[in-house]
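Now for the letters of each chain:
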Amino acid sequence: MIKHYLWMVSLLVSTSLFAAIDTYEFSNDAQRERFQQLSEELRCPKCQNQNLADSNSGIAKDLKDELYRMVTDGQSTQQITTFMVDRYGEFVLYKPKVNPMTYVLWYGPFGLLALGAVVVLILARSKKTKVAPKEQAAAIEHEQRLKDLLDKKHD
Amino acid sequence: MRRILLFIPFVICVILGVFFVKGLSLDPTQLPSAKIGKAFPAFSLEDLIKPDDLRSQSQLTGEVRLVNVWATWCPTCKQEHSFLNKLASTEGVKIIGINYKDERSKAVQWLKRYGDPYQFNVYDNKGSLGLDLGVYGAPETYIIDAQGVIQYRHVGAVDNKVWLGVKEKDGSVKLEGLKAKMLALGWNPQ
């Protein structure tokens, strides 16, 4: 039992050691936040589907070092993303830029929503026009019966 | 008319299916290089074997060449090395090496042991040239035209399959590998 417990504790310790591997020193919180944000928005080219912050691969480490250098140099987000895209392509951006190549990505969902709305409208409309004559006939029939009943009473 | 409309979901499924089936045969690890059609990045680095010689991008012009990014820590580089030797010796391909994030002594030892297919090697131990090239994993092989413009990138080992790139299209056999690409750029094999 104790053995198991110790084993579990040792697992906890090992992850905290891993977390301590890349610590970067920043002179202010704003820089630290920008570094954090950018390393989460930039994608690791090697270990796909991981961002730079989460990845332990060599290239991610290099790019984090480069990112750290640029952030502490005071470069703008624009400058940093241009640097990365120039070398690794649009692929590295988890938040792709809005340009003709990514229009479908950005506006596609709205287009589909609009398409859905149009389909629903058309369906609703066609049902109405189809049902209307029947309802009208029913209404006329009702009126007739009411009239008949009333006439009967008067007799 | 109404009946035809009922087929719309089916048609959409078929179209999506075509995309999905195509997606199965795509390799997501093969990224398009952001550097295609651009000049080889400027650099000034030591030669691997002769540290006193400085190498720069101007030495990559004049001929169609392969630029091969390699390192001794990379198992796939070892795998492709004998094929690179063959390309250099029997096909007369001019290959420039970039020794990427490696130790000089180990790399020199490697070339002595396994043969040296390179015209020269750029010693990029810090990976700065690799970074400017957008290298994300060795080995990578680039085709550079006579003007020093990057025309193609292959990620992974270069072997006979990659070199020739035999493809069957409409019943005829076509070569679409690195060799065909180099020839199209005016490469003159000797």
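Below is a short write-up of the structure. Quick caveat, the model's predicted, so the values are computed rather than measured. (Residues numbered from 1 in each chain as written. Chains lettered and ligands numbered in written order. Predicted model: local features only at pLDDT ≥ 70, side-chain atom pairs only at ≥ 80, totals over all residues. Heavy atoms only, no water.)

### Focus on the sheet that holds strand S3 (residues 65-70) of chain B
Residue and element names in this part refer to chain B. Ordered in space as S5-S4-S3-S6-S7, the five strands form an open sheet in which the pairing is mixed. The strands lining the two open edges of the sheet, one partner per strand, are strand S5 (118-124) and strand S7 (150-155). Each neighbouring strand pair of the sheet contributes to a mean axis angle of 20 degrees, computed without reference to strand direction. Pairing between strand S6 (residues 140-144) and S7: five bridges, direction antiparallel. Paired with Ile144 across the bridge in S7 is Ile150. (Pairing = 2+ DSSP bridges. Helix = DSSP H or I, 4+ residues; strand = E, 2+ residues; numbered from the N terminus. Axes fitted to C-alpha atoms, helices over the stretch in contact; angles between N-to-C directions.)

### Considerations on the state of the cysteines
Applying the stated criterion to the full structure yields two disulfides over all chains. The disulfide bridge from A:Cys44 ends at A:Cys47, spanning 2.5 Å between sulfur atoms. Here A:Cys44 and A:Cys47 share a disulfide; its torsion about the S-S bond, 95 degrees, makes the bridge right-handed. On the basis of relative accessible area, A:Cys47 is assigned to the buried category, the value being 18%. At a sulfur-sulfur separation of 2.1 Å, the disulfide partner of B:Cys74 is B:Cys77. One quick way to see it: the torsion about the S-S bond of B:Cys74 and B:Cys77 is about 95 degrees, and its sign makes the bridge right-handed. Grouping residues by exposure puts B:Cys74 and B:Cys77 together as buried. (Disulfide = S-S within 2.5 Å. Buried < 20%, exposed > 50% of the residue type's maximum accessible area, 1.4 Å probe, protein only.)

### Focus on the pattern of salt bridges
Side-chain pairing between opposite charges can occur once the charged atoms of the two side chains come close. Per the stated rule, a full pass over the model turns up 14 salt bridges over all chains. Among the salt bridges present, the one from A:Asp29 reaches A:Arg32, with a minimum N-O distance of 3.7 Å. Residue A:Asp29 and its partner A:Arg32 are both found in helix H2 (residues 29-41); the two are separated by three residues, about one turn of the helix. Residue A:Arg32 is classed as partly exposed on the basis of its relative accessible area of 38%. Put simply, A:Arg87 and B:Asp132 hold a salt bridge, and the shortest N to O gap is 2.8 Å. Taken as a pair, A:Arg87 in helix H4 (residues 77-88) and B:Asp132 in helix H5 (residues 128-133) lie in two separate chains rather than in one. What makes A:Arg87 buried here is its relative accessible area of 13%. Each of A:Glu66, A:Arg69 and A:Asp73 takes part in a single network of salt bridges with overlapping partners. (Salt bridge = Lys/Arg side-chain N within 4 Å of Asp/Glu carboxyl O.)

### Re the layout of surface pockets
Residue and element names in this part refer to chain B. Approximately 420 Å³ is the volume attributed to the largest pocket. Looking at the largest pocket, it is lined by 16 residues, and the ones nearest its centre are Gln30, Tyr152, His154, Val162 and Lys167. Elements supplying a minimum of two residues to the lining of the largest pocket: S7, helix H6 (160-164), strand S8 (166-169) and helix H7 (178-184). The element that contributes the greatest number of residues to the lining of the largest pocket is S7, accounting for four residues. Residues of the lining of the largest pocket, tallied by class, amount to six nonpolar, four polar and six charged. (1 Å grid on protein atoms, 1.4 Å probe; cavity = no way out; pocket = protein on both sides within 12 Å on 5 of 7 lines; lining within 4 Å. Points joined across faces, edges and corners; volume = space filled by probe spheres on them. Nonpolar A, V, L, I, M, F, W, Y, C, P; charged D, E, K, R; others polar.)

### Observations concerning the nonpolar core
Formed by 68 residues in total, the largest nonpolar core has its most connected members in B:Phe40, B:Leu87 and B:Trp163. For this core, the element with the most residues is helix H3 (residues 58-72) of chain A, which contributes six residues. (Core = buried A, V, L, I, M, F, W, Y, C linked by side-chain atoms within 4.5 Å.)

### Quick notes on the packing of helix H3 (residues 75-91) of chain B against helix H4 (residues 104-114) of chain B
All names here are of chain B. One way to put it is that H3 packs onto H4 with a least axis distance of 11 Å and a crossing angle of 50 degrees. With respect to H4, the element H3 is oriented oblique. Every pair of crossing elements has a handedness; the one defined by H3 and H4 is right-handed. Residue-level inspection shows Cys77, Lys78, His81 and Asn85 of H3 in contact with H4, the latter providing Trp110, Leu111 and Tyr114. Classifying every residue of the contact of H3 with H4 gives four nonpolar, two polar and one charged. (Parallel < 35°, antiparallel > 145°, perpendicular 65-115°, else oblique. Left-handed = near helix turned anticlockwise from the far one by under 90°. Contact = heavy atoms within 4.5 Å.)

Everything listed here is a matter of coordinates, which is why it stays silent on function.
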